Each structure stands twice: as C-alpha cells, then as structure tokens.
Amino acid sequence: MKAIIIGGGVGGLTTALMLHNRGIDCEVYEQADVVRELGVGINTLPHAIKELADLGLLPRLDAVGIRTHELIYTNRFGQEIWREPRGLDAGYDVPQFSIHRGKLQNVIYQAVRSRLGESRIHTGHRLGSFAQDESGVTAYFFDRNGSHRATARGDVLIGADGIHSLVRETLYPNEGSARWNGSMLWRGAIDWPKFLTGRSMVIAGGMAAKLVVYPIGEGAHEDRPLTNWAVLVKIGEGGTPPRKEDWSRPGRFEDLMPHTQRFRIPYVDAKALIESTPEFWEYPMCDRDPLPRWSHGRVTLLGDAAHPMYPVGSNGASQAILDARALADRLRDGEHAYHALWAYEQERLPMTAQIVRMNRKGGPEGVIDAVEERAPDGFDNIDEVLSFEQRKAIVRGYASSAGFAQAQVNKTAGKAA
Ligand SMILES: Cc1cc2nc3c(=O)[nH]c(=O)nc-3n(C[C@H](O)[C@H](O)[C@H](O)COP(=O)(O)OP(=O)(O)OC[C@H]3O[C@@H](n4cnc5c(N)ncnc54)[C@H](O)[C@@H]3O)c2cc1C
C-alpha cells in the first residue's frame with residue numbers, strides 16, 4: 001500500500017505520521033514552497049490530542065501551547081452564562097490545547113520530517129490533476145509558475161487540501177464556491193497581561209457579535225502570554241463574501257474598529273487588546289454542505305477538504321486529526337483500497353456532517369444566542385433567563401454529537417455560574 005497525500009496542513013501531516021506508524025508508505029505533496037507558521041490561535045480537543053499523544057507529541061505540544069483549564073461563555077456585556085473546566089481539569093486523560101495553528105502544524109511537520117525523512121515531503125508541489133485506473137492512481141504536480149514538477153503513482157490518493165480542495169472540485173465539479181453566512185471573522189494575537197487563570201478561554205456574545213479571547217503560548221515576558229483574540233460580526237446576508245475566503249488575508253482597522261465597542265468583558269480590555277495588535281487577519285465565515293460521499297474508488301477526502309466547517313466549537317483541526325486516525329486504521333487492515341476508503345467514510349462522514357450543521361447554529365456557543373435572544377440587554381439572574389439544565393442541554397448536546405462528552409458531563413462548574 002502506498003498513499004499519496006495532497007496537502008501539508010494539520011490533516012495531511014497527521015495522516016502521514018499515522019500511516020508511517022502502521023508501516024504504510026506515503027508521500028506528502030504541499031503547494032507552499034515552505035511550511036511556515038501561518039494562522040493564529042486554535043483549540044484542539046482532548047480526543048484529538050489523545051491521538052497526537054499516542055504519536056509521542058505531547059512534550060512538543062507542551063513546549064509551544066497552553067493546556068486549556070476552563071471555558072467561559074458570557075453575553076457581550078461580560079455577564080456569565082456558562083463556565084466549565086476543560087481537558088485534564090474536566091477529567092480527561094489528556095489535555096485540551098490552546099495553541100497557535102502554525103505551531104501545531106510545525107510540531108507535526110517536524111515529526112514527519114524526522115520519522116519519514118525529508119524525501120517523503122514535497123513542498124512547492126501543487127496538485128494539478130489526477131487519474132485512477134484498475135491498479136492505482138496517478139497525480140500530476142506543478143510549481144507556482146505552472147511548470148510540471150513531478151508525477152506520482154500510488155494505491156490511494158488522499159485529498160487533505162483544505163477548503164479550496166482541488167481533489168474535491170475534481171470529484172464534484174459542479175459544487176461551486178464555499179458558502180458565506182454573512183459574518184466576518186477578524187483574528188489576531190499579541191503578548192498581553194495574563195487574565196483569570198492564565199489558561200482560561202472566554203467567548204462573549206452570540207452569532208450576531210462575538211468576541212473570543214484566550215492565551216496560546218508564552219510571550220516575551222512570563223506574565224504576558226501570547227493572547228489570541230477573534231471578533232465575529234454579522235455584516236451581510238451571506239452568499240458571496242466581499243473578499244474571497246483566504247486564511248492569510250490581512251484585516252483592515254477601518255472595518256473592525258466600529259465593532260470593538262460592542263464588547264465589555266470584565267477580564268480583559270478588549271478594545272485596547274485589539275487596537276494594540278499591529279497586524280490581524282479577516283476570514284469570512286464559510287463552509288460547504290456535507291457531501292453524500294468522500295470516497296470515489298482510490299481517492300478520498302480528509303479534514304477541511306471533506307468537511308469545511310465554521311471555526312466554532314474547536315473542531316476544525318480536531319476533526320481532521322480524528323479523520324487521519326480512522327483512515328490510517330482502515331488502510332492498515334489490509335483490505336482492498338476501495339473498501340478501506342469506503343469504510344473510513346462510513347465511520348467519519350455522518351459525524352462530521354452533523355458538526356458542520358451544528359456549527360451553523362453556533363455549536364455549543366448556541367447557548368449564548370439562546371440567552372441573548374431572551375435577554376438582549378443583559379440579565380440580573382441567568383437562571384431566570386434559562387435554567388442550568390436548559391443551558392447544559394445545549395452545551396452537552398454539542399459535546400456528545402462531536403464525540404467528546406464523556407468525562408465532562410458530571411464535572412461542569414457551570415452550576416456555580
Ligand atoms: C494558512 C492557513 C491559516 C489558517 N489559520 C487558521 C486560524 O487562524 N484559525 C482556525 O481556526 N483555522 C485556521 N486554518 C484552518 C485550519 O488549519 C483547518 O481548519 C484545520 O487545521 C484542518 O486542516 P486541514 O489540514 O484539513 O486543512 P488546511 O489547514 O487548510 O491545510 C490544507 C493544506 O493543503 C495545501 N494545498 C491546498 N491545495 C493544494 C494543492 N492543489 N496541492 C498541494 N497542496 C495543496 C494548502 O497549502 C494547505 O497547507 C488555517 C488554514 C490555513 C491553510
């Protein structure tokens with residue numbers, strides 16, 4: 001068995017490590033000339049971290065990320081709606097990590113380099129097309145100028161090439177562009193004074209206007225960790241975004257600043273935090289409808305290529321890692337490629353499709369929307385707006401559907417909120 005992996009993001013690189021671990025040959029083809037630490041903060045959930053821990057990566061994650069201690073939901077005035085412990089503090093065997101996306105990718109990338117060898121990763125190789133036949137699949141790669149660079153032959157081809165996946169487009173040529181829900185997400189990170197436990201994540205506000213703040217790593221000074229922020233605001237009706245979705249598109253102060261006064265949270269001066277950040281990025285909230293199938297003969301999809309979802313509920317990278325585990329297990333089982341890819345899809349497609357749909361309603365953060373709908377100007381007593389059991393039902397409903405409810409059910413500190 002030899003696998004051709006398209007894309008050197010978290011999904012593609014984790015797949016390479018897992019296949020290597022199971023004695024399956026693979027090569028990764030990444031269009032970027034260099035794997036650079038792009039993006040800002042993401043959270044990776046315990047069930048995905050467990051997979052990385054099993055690959056021996058926990059010490060390296062600890063060196064660059066923060067073990068998330070708690071998650072707090074508030075309305076946009078900073079009034080607390082829900083609070084719960086996370087990761088080890090919630091009773092899991094492994095932590096949840098708040099981490100820079102580029103650093104997470106780099107931890108996995110360095111492991112691929114040292115375990116599989118440099119010769120197994122081909123940067124500057126953009127997939128242009130592929131074709132499959134009875135005995136294998138052939139992929140054609142090009143450089144940034146469009147010149148042919150290489151041709152690869154394998155038993156299976158795994159499209160881990162992100163939200164603008166060429167593999168997906170080839171399988172579904174009439175699908176069209178990703179769907180915008182009318183919200184813009186601005187994201188940035190800067191060293192900032194520690195707040196609360198130093199490992200707390202705060203989400204303030206629902207889908208109309210939301211602020212997210214959490215530390216993602218060490219800063220230049222011990223009491224000023226690198227702190228991630230994100231502002232999500234509904235600015236349109238959806239359809240085609242004002243600028244095409246691109247994770248690396250710089251944001252503009254004049255677009256963001258009018259919205260920063262909408263948030264008041266007691267833990268951080270949000271306006272100062274955002275205004276102090278010299279560069280930040282914008283991303284229109286885009287996803288795609290779940291597909292009926294990912295696997296077509298010897299070709300399948302993984303990660304954002306298979307199930308691009310709104311970045312809420314900490315599931316983008318987490319679900320890509322879980323895909324990698326499921327696919328590697330199926331390929332190891334020695335079944336025919338067709339059957340292995342089909343079985344992988346059976347295991348992963350229904351659950352990820354459900355998460356895509358739940359994220360459209362705000363994911364677990366839907367509890368904030370439910371409270372803001374009933375009490376748009378704030379509240380004196382949260383229990384009079386929505387009871388603890390009602391709030392728990394929304395948050396836990398998401399956690400169990402996304403496959404990480406287990407230990408947290410009886411451990412929540414939300415009752416004290
Ligand atoms: C630059 C960047 C920054 C991001 N920043 C954030 C962030 O700040 N917050 C957040 O929540 N999520 C961010 N994401 C998305 C997040 O990484 C994913 O949701 C999640 O990690 C799943 O990853 P993936 O490997 O499926 O896809 P991705 O991380 O998108 O990786 C896909 C990879 O495939 C490569 N690729 C695409 N087309 C081809 C081709 N034709 N041939 C070869 N290679 C190809 C891309 O260059 C990329 O490296 C970012 C993604 C990228 C690419």
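Keep in mind it's a predicted model, so treat the numbers as computed, not measured.

If you trace the seven strands from one edge of the open sheet to the other, you get S6-S5-S14-S15-S16-S13-S17, paired in mixed fashion. Two strands in the sheet have a free side with no partner beyond their single neighbour: strand S6 (80-85) and strand S17 (281-287). Pairwise comparison of adjacent strand axes, ignoring direction, gives a mean angle of 20 degrees for this sheet. Pairing between strand S5 (residues 70-74) and strand S14 (residues 200-204): five bridges, direction parallel.

Looking now at the site of the ligand. Taken together, 31 residues surround the ligand, and among them Gly-7, Gly-9, Gly-39, Gly-162 and Gly-303 come closest. Only helix H1 (10-21), strand S9 (126-133) and helix H8 (316-332) provide two or more residues apiece to the shell around the ligand. Tallied by class, the residues present in the shell around the ligand amount to 14 nonpolar, eleven polar and six charged. Two domains each donate at least three residues to the shell around the ligand, and these are domain 1 (2-68 + 96-177 + 288-360) and domain 2 (185-287).

The next subject is the domain arrangement of the protein. Split by domain assignment, the protein resolves into domain 1 (2-68 + 96-177 + 288-360) and domain 2 (185-287). One C-alpha centre belongs to domain 1, the other to domain 2; they are set 27 Å apart. Domain 1 puts 21 residues into the contact, and the matching count from domain 2 is 18 residues. For the side of domain 1 that touches domain 2, the secondary structure elements donating two or more residues are strand S3 (41-44), strand S4 (66-67) and strand S7 (97-100). Top contributing element to the side of domain 1 that touches domain 2 by residue count: S7, with three residues. Grouping the amino acids of the side of domain 1 that touches domain 2 by side-chain chemistry returns eleven nonpolar, seven polar and three charged.

Now for the environment of His-336. Relative to the assigned elements, His-336 resides in the loop between H8 and helix H9 (337-360). Under the C-beta neighbour-count criterion, His-336 is labelled exposed, with 10 such atoms within 10 Å. Once the C-alpha coordinates of His-336 and Asp-155 are considered, the two residues, 181 residues apart in sequence, prove to be 9.6 Å apart.

With that settled, consider H8. In this model H8 runs 25 Å from its N-terminal to its C-terminal C-alpha over 17 residues, within 8% of the 24 Å that 1.5 Å per residue would give. Counted residue by residue, H8 has 14 buried out of 17 residues, so it is predominantly covered.

Glancing now at the sheet that holds strand S12 (residues 156-159). Strand order in this open sheet of five strands is S8-S2-S1-S12-S18, and the pairing throughout is parallel. Of all strands in the sheet, those with a lone pairing partner are strand S8 (121-122) and strand S18 (299-301), marking the two edges. The strands touched by H1 within the sheet are strand S1 (2-6), strand S2 (25-29) and S12, with S2 carrying the most contacts at an inclination of about 165 degrees.

Turning our eyes to something else, we now look at H9. When the terminal C-alpha atoms of H9 are compared, their 34 Å separation across 24 residues agrees well with the 34 Å that a helix rising 1.5 Å per residue should span. In H9, a bend of some 35 degrees at Arg-348 exceeds every other bend along the element, and Pro-350, a proline, comes one to four places later. Those residues of H9 that sit buried are Ala-337, Ala-340, Leu-341, Tyr-344, Glu-345, Arg-348, Leu-349, Thr-352, Ile-355, Val-356, Met-358 and Asn-359. Count one or two residues on from H9 and you reach Gly-362, which has phi positive near 100 degrees.

Basis of the calculations
- Residues numbered from 1 in each chain as written.
- Predicted model: local features only at pLDDT ≥ 70, side-chain atom pairs only at ≥ 80, totals over all residues.
- Pairing = 2+ DSSP bridges.
- Helix = DSSP H or I, 4+ residues; strand = E, 2+ residues; numbered from the N terminus.
- Axes fitted to C-alpha atoms, helices over the stretch in contact; angles between N-to-C directions.
- Near = placed C-beta within 6 Å.
- Nonpolar A, V, L, I, M, F, W, Y, C, P; charged D, E, K, R; others polar.
- Domains from an automatic or database assignment.
- Contact = placed C-beta atoms within 7 Å.
- Buried ≥ 20, exposed ≤ 12 C-beta atoms within 10 Å, placed from the backbone.
- Expected span 1.5 Å × (residues − 1).
- Bend = angle between axes of the 7 residues up to and from the residue.

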